[in-house]
Amino acid sequence: MNVSVVLLFEQLRTLEECFALLYKSLSELEENSKALQNISKVLMREEERHITLYENLMAEYKNKNTIMINKDILVRVEYNIIMLKQGMNLNTLNSPKELISLAINYENKSAFLLQEIMTFLKENTNEAKDLFAVFEILLAEEKKHADNLSIFLN
């Protein structure tokens, strides 16, 4: 059974919304240091930019002839999103470096998820070439974000 690729973009946007909410709540905790609050705000804005990116993709693909993907791809993504959400733990954060490490971990997990999607697309979708290129761009964005964050750990 096949579903619209827009549903996949919606799920990925939801994941970015979870990350943005996590960082927003960290930025608003008064007991956190100013450095931790400020880094959280920067991370939140980056996730909001990703949300906008997915919303733009959803709008673009709703207006095109609908590209259908194998439902197994969507099921796998939904499972990975649930696992990522369950792993969100703020209780261990005591410093800006720990927050940056957590953010890098999430970026790497998102990149892994995108790589899995690309593998499924190659195997299960006739329209994979155009869609694959979109996911290559998304993957590069996640990797760039992780690389930019890792500079602050050195």
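Conventions and cut-offs
- Residues numbered from 1 in each chain as written.
- Predicted model: local features only at pLDDT ≥ 70, side-chain atom pairs only at ≥ 80, totals over all residues.
- Heavy atoms only, no water.
- Helix = DSSP H or I, 4+ residues; strand = E, 2+ residues; numbered from the N terminus.
- Rg over C-alpha atoms; globule rule 2.2 N^0.38 Å.
- Contact = heavy atoms within 4.5 Å.
- Lys, Arg positive; Asp, Glu negative; His and termini not counted.
- Charge placed at Lys NZ, Arg CZ, Asp CG, Glu CD.
- Phe/Tyr/Trp six-rings, centres within 6.5 Å; stacked < 30°, edge-to-face > 60°.
- Buried < 20%, exposed > 50% of the residue type's maximum accessible area, 1.4 Å probe, protein only.
- Patch = residues over 30% accessible without salt bridge, like charges linked within 9 Å, V, L, I, M, F, W, Y side chains within 5 Å.
- Areas by Shrake-Rupley, 256 points an atom, 1.4 Å probe, with all protein chains shown as cover.
- Salt bridge = Lys/Arg side-chain N within 4 Å of Asp/Glu carboxyl O.
- 1 Å grid on protein atoms, 1.4 Å probe; cavity = no way out; pocket = protein on both sides within 12 Å on 5 of 7 lines; lining within 4 Å.
- Points joined across faces, edges and corners; volume = space filled by probe spheres on them.
- pLDDT = per-residue confidence, 0-100.

### Here's the deal with the overall build of the protein
So, point 1. From N to C terminus, the protein includes five helices and two strands.
So, point 2. Helices and strands in the protein line up, N terminus first, as β-α-α-β-α-α-α.
So, point 3. What you see for the protein is a C-alpha radius of gyration of 16 Å, in line with the 15 Å of a compact globule of 154 residues.
So, point 4. The C-alpha extent of the protein, read off along each of the three principal axes, is 50 × 25 × 25 Å.
So, point 5. Residue pairs at least 24 apart in sequence account for 84% of intrachain contacts in the protein once pairs closer than 6 positions are excluded.
So, point 6. Looking at the protein, you have 17 positive and 23 negative side-chain charges, and the mean spots of the two groups are 1 Å apart.

### A word on the packing of aromatic side chains
So, point 1. Per the counting criterion, the structure on display carries four aromatic pairs.
So, point 2. Aromatic side chains Phe-9 and Tyr-61 sit 5.5 Å apart centroid to centroid with 50° between the ring planes, which places their arrangement in the tilted category. Of this pair, Phe-9 sits in helix α1 (residues 5-28) while Tyr-61 sits in helix α2 (residues 34-63), and the two are 52 residues apart along the sequence. For the pair Phe-9 and Tyr-61, a shared accessibility class is recorded, and that class is buried.
So, point 3. Geometrically, the ring pair formed by Phe-19 and Tyr-106 is stacked, given 4.9 Å between the ring centres and 20° between the ring planes. Separated by 87 residues along the polypeptide, Phe-19 in helix α1 and Tyr-106 in helix α4 (residues 96-124) bring together distant segments of the chain. Like Tyr-106, Phe-19 is buried.
So, point 4. An aromatic cluster is present here, built from Phe-9, Tyr-54, Tyr-61 and Phe-135 joined pairwise through their rings.

### Examining a nonpolar patch on the surface
So, point 1. A cluster of nonpolar side chains, namely Tyr-79, Ile-82 and Met-83, defines an oily patch on the protein surface of about 300 Å² accessible area.
So, point 2. With respect to the secondary-structure elements, Ile-82 resides in helix α3 (residues 71-86).
So, point 3. Look at Ile-82 and you get partly exposed, because its relative accessible area is 47%.

### A look at empty space enclosed by the protein
Left-over empty space is what a probe sized like a water molecule reveals as it rolls over the atoms.
So, point 1. Counted according to the given criterion, the structure contains one cavity of 30 Å³ or more.
So, point 2. Reported here for the largest cavity is a volume of approximately 50 Å³.
So, point 3. Around the largest cavity sit Leu-12, Leu-15, Glu-16, Tyr-54, Ser-110, Leu-113, Leu-114 and Glu-142, which together line it.
So, point 4. Of all the elements in the fold, those that place two or more residues in the lining of the largest cavity are α1 and α4.

### What to know about the confidence of the model for the protein
So, point 1. When pLDDT is averaged along the protein, the result is 82, and 90% of the positions lie at 70 or above.
So, point 2. Of all secondary-structure elements in the protein, the lowest mean pLDDT belongs to strand β2 (residues 68-70), at 77, while α2 reaches the highest, 88.

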